[in-house]
Amino acid sequence: MRRTTFPNKVLPYLLLAPQIAITLVFFFWPAGQALWQSLYREDPWGLSSAFVGLDNFTRVLTDPNYLHSLQVTAAFSAATAVLALAAGLLFAVMVDGLSRGKRIYQTLLIWPYAVAPAVAGMLWLFLFSPAMGTFGILLRRAGVAWDPLLDGTQAFLLVTVAAAWKQVSYNFIFFLAGLQAIPKSLHEAAAIDGASPLRRFWTVAFPLLSPVSFYLLVVNIVYAFFDTFGVIHAVTGGGPAKATETLVYKVFNDGYVGLDLGASSAQSVILMAIVIALTAVQFRYVEKKVHYA
Amino acid sequence: MIERRPVANLVSHFLLVIGVLVMAFPIYYSFVASTRTVAEILTPPLPLWPGAHFVDNYVQAFTGSLHRIGGVNLGTLLFNTTVVALAIAVGKIIISLLSAYAVVFFRFPGRMLFFWMIFITLMLPVEVRIMPTYQVMVDLGLIDTYTGLTLPLMASATATFLFRQFFLTIPDELVEAARIDGAGPLRFFRDVLLPLSKTNIAALFVILFIYGWTQYLWPLLMTNSNDMNTILIALRKMVSFADADTQWHVVMVTTILALLPPVLVVVLMQRWFVKGLVESEK
């Protein structure tokens, strides 16, 4: 806490006003609306609405489509996070071990971060389109019945790879920063004790990277849950046959396209609960790090 | 390194080159496609070197109107996206600087309440409140306006935290000295705090510019008319695999232009980018 502050009584409120105004109008008001609407059901013409208690939630949570979407999201998040984390860690370890050329590799590996998820999805779709993508054609010539626009598993694979591809850069930067923060003397001590480079990685570097890894795991899951809407919307539109319909895509589809407000709001509230849980996990870890590091 | 490991080093280089290729190839492939004719793009496999139509395609994309998206040209789309990205980045920085300043350098009733209100926005991303937010925007008449595209995204818990953390490291003596010299709070903000925050502002700007440029769901909800689209939304509308008359060469040009500005910002401002990323997310 600061000892010296300015004595003004009105000024701080004026300074905070823009942020608080935006927060109230565009965050709290709609979030409140979502909570409210999740307890009501509107008739299809939007003329009247009736209080239905938790009925919307029971409806959503017993809807096989929703449960399917939940499974898709879980599988998609896990696959995206694992793929992006593994590739990021591999590249970071390789770059960290080099004596020269670090900077060039760093530059060449970080720029996909700036590619929007929707564009990332399209780039991969162009490559693997069965009609015009070079790799799509090669796969077909090799005898694979490749068509991600018709085959659910293939569509799922394609959006996962595209989503992970974009996130590798982010993980790479954090892993590299984490590796570079490990004191050289630790590596040297282990080397004098006769530990091979691989063993040094597993016994020295990897445990010391665990806070970064855990932080990245949470960030990657949040990314796969929420920020990949663009990939899904641009590449598959949730299809084929809902094989890539994630929870966020479903909220969008049921509410904005299907106009089922009650169900969409109930889904929003469930998603809010998920975000709150993830954020809580993330901050508990940050707090721990502050105390014990 | 500790020991000389020529083989291991070679393996590292080999794996990294493969990694770089995987990371770069999708973009390179679209660039190649953007220099070729529709006929060439549709007769796969596409050769892996640029074709002869670079100038033709890019000129056509800029001057010809794109019929699939209502005759809007690429210049308008790039202009819209630039306005959106800059407004979001600058707006977020200003609003967050002011709130962090208020929270750190003043004592007033409700300080912690406001701080928590800003913090909670972290837990309410647009993705979880799509419909009600859309309704609010319709009620306020903000659909198809730059205000609607940018203002709601300007609240920022992360940027406020970053500045707050930084302000807390500023020694009390500096504030005391300023006060003894007769500087009021606004003067202190302008002449002391802003110059000291330059590095943080630059780093944050890079991150937020990319954030603004790559927005997708929000512009999708906020725009109905074609001439208010950002380039990403327009690109999505231009692509149709079902439709035989998709102008693929223009699609490829648009793809390249949609990703070029933020990629350039990352590559040219790499130092700020890495700093901004590692610090703002912690």
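Peer 1: Before we go on, may I ask you to explain the overall build of chain A in this structure?
Peer 2: What chain A contains, in helices and strands, is 13 helices and two strands. A compact globule built from 293 residues should have a C-alpha radius of gyration of about 19 Å, whereas chain A, at 24 Å, is more than 25% larger. Along the three orthogonal principal directions, the C-alpha set of chain A runs to about 75 × 75 × 30 Å. Expressed as a percentage of its 293 residues, the buried residues of chain A come to 44%. Once local pairs closer than 6 in sequence are excluded, the contacts in chain A between residues at least 24 apart make up 69%.

Peer 1: What exactly am I supposed to notice about the overall build of chain B here?
Peer 2: When its secondary structure is counted, chain B shows 15 helices and zero strands. Taking 19 Å as the expected radius of gyration for a compact globule of 282 residues, we find that chain B reaches 24 Å, considerably beyond that expectation. With the principal axes as the frame, chain B shows a C-alpha extent of 75 × 65 × 35 Å. When each of the 282 residues of chain B is scored for burial, the buried share is 44%. The long-range fraction of contacts in chain B, counting pairs at least 24 apart against all pairs at least 6 apart in sequence, stands at 76%.

Peer 1: Explanation requested: the nonpolar core in the structure shown.
Peer 2: In a soluble, globular protein the nonpolar side chains are often hidden away together inside. Within the largest apolar cluster, 164 residues are counted, with the highest numbers of intra-cluster contacts made by Val119, Trp124 and Ala162 of chain A. Ranked by residues supplied to this core, first place goes to helix α4 (residues 74-105) of chain B with 16 residues. Residue assignment places this core across two domains, with domain 1 (1-63) and domain 2 (72-280) of chain B each supplying three or more. In this structure, Trp124 of chain A is in contact with Leu158, Val161, Ala162 and Trp165 of chain A together with Pro26 of chain B, ignoring residues within four places of it in sequence.

Peer 1: Hey, could you run me through the confidence of the model for chain A in this one?
Peer 2: Low pLDDT marks regions whose predicted coordinates should not be analysed in detail. For chain A, the mean per-residue pLDDT works out to 86, and 95% of the residues sit at or above 70. Here helix α13 (residues 261-292) of chain A stands out as the least confident element of chain A, with mean pLDDT 75; helix α3 (residues 64-97) of chain A is the most confident, with 93.

Peer 1: I would appreciate a short explanation of the packing of helix α1 (residues 11-37) of chain A against α4 of chain B in the present structure.
Peer 2: Two quantities define a packed helix pair, namely the angle between the helix axes and the distance between the axes. For the pair α1 of chain A and α4 of chain B, interaxial distance at closest approach is 8 Å and the crossing angle is 140°. Where α1 of chain A crosses over α4 of chain B, the two elements pack in a sense that is left-handed. Residue-level inspection shows Pro12, Leu15, Leu16, Pro18 and Gln19 of chain A of α1 of chain A in contact with α4 of chain B, the latter providing Ile95, Leu98, Ser99, Tyr101 and Ala102 of chain B.

Peer 1: Can you walk me through the domain arrangement of chain B in this structure?
Peer 2: Frequently, the measure chosen for interface size is the accessible area that the parts lose on association. Residue and element names in this part refer to chain B. In terms of domains, chain B is made up of domain 1 (1-63) and domain 2 (72-280). Taking the mean C-alpha position of each, domain 1 and domain 2 sit 31 Å from one another. Every element with two or more residues in the side of domain 1 that touches domain 2 is listed here: α1 (6-33), α2 (38-42) and α3 (54-63). Among the residues making up the side of domain 1 that touches domain 2, the classes are represented as nine nonpolar, six polar and one charged.

Peer 1: Sorry, what's going on with the interface of chain A and chain B here?
Peer 2: The interface is formed by 83 residues belonging to chain A together with 79 residues belonging to chain B. Per element, the largest residue contribution to the side of chain A that touches chain B is 17 residues, and it comes from α1 of chain A. Taken together, the residues that form the side of chain A that touches chain B break down as 59 nonpolar, 20 polar and four charged.

Peer 1: In this structure, what is going on with helix α5 (residues 111-120) of chain B? I would like to understand it.
Peer 2: An α-helix turns once per 3.6 residues; consequently, residues spaced three or four apart project the same way. Regarding α5 of chain B, the residues found buried are Phe114, Phe115 and Ile118 of chain B. Down the axis, α5 of chain B shows its buried residues gathered within 100° of arc, on one side only. Among the exposed residues of α5 of chain B, those oriented more than 90 degrees off its buried face are Met112, Leu113 and Trp116 of chain B. On the buried face of α5 of chain B, the contacting elements are α1 of chain A together with α4 and α8 (157-168) of chain B.

Peer 1: Would you explain unusual backbone geometry in this entry?
Peer 2: Negative phi characterises most residues that are not glycine, and trans characterises most peptide bonds. A positive phi is found at Ala241 of chain A, a non-glycine position, where the angle reads about 50°. Note that Ala241 of chain A resides in the loop between α11 (229-235) and α12 (247-257). Positioned with a positive phi, Asp144 of chain B is a non-glycine residue whose angle comes to about 65°.

Peer 1: Explanation requested: the confidence of the model for chain B in the structure shown.
Peer 2: Residues at a pLDDT of 70 or more form 95% of chain B, whose mean pLDDT is 86. Scoring the predicted complex yields pTM 0.89 and, for the interface, ipTM 0.87.

Criteria and thresholds
- Residues numbered from 1 in each chain as written.
- Chains lettered and ligands numbered in written order.
- Predicted model: local features only at pLDDT ≥ 70, side-chain atom pairs only at ≥ 80, totals over all residues.
- Helix = DSSP H or I, 4+ residues; strand = E, 2+ residues; numbered from the N terminus.
- Rg over C-alpha atoms; globule rule 2.2 N^0.38 Å.
- Buried ≥ 20, exposed ≤ 12 C-beta atoms within 10 Å, placed from the backbone.
- Contact = placed C-beta atoms within 7 Å.
- Core = buried A, V, L, I, M, F, W, Y, C linked by C-beta atoms within 7 Å.
- Domains from an automatic or database assignment.
- pLDDT = per-residue confidence, 0-100.
- Axes fitted to C-alpha atoms, helices over the stretch in contact; angles between N-to-C directions.
- Left-handed = near helix turned anticlockwise from the far one by under 90°.
- Nonpolar A, V, L, I, M, F, W, Y, C, P; charged D, E, K, R; others polar.
- Arc of directions from axis to C-beta.

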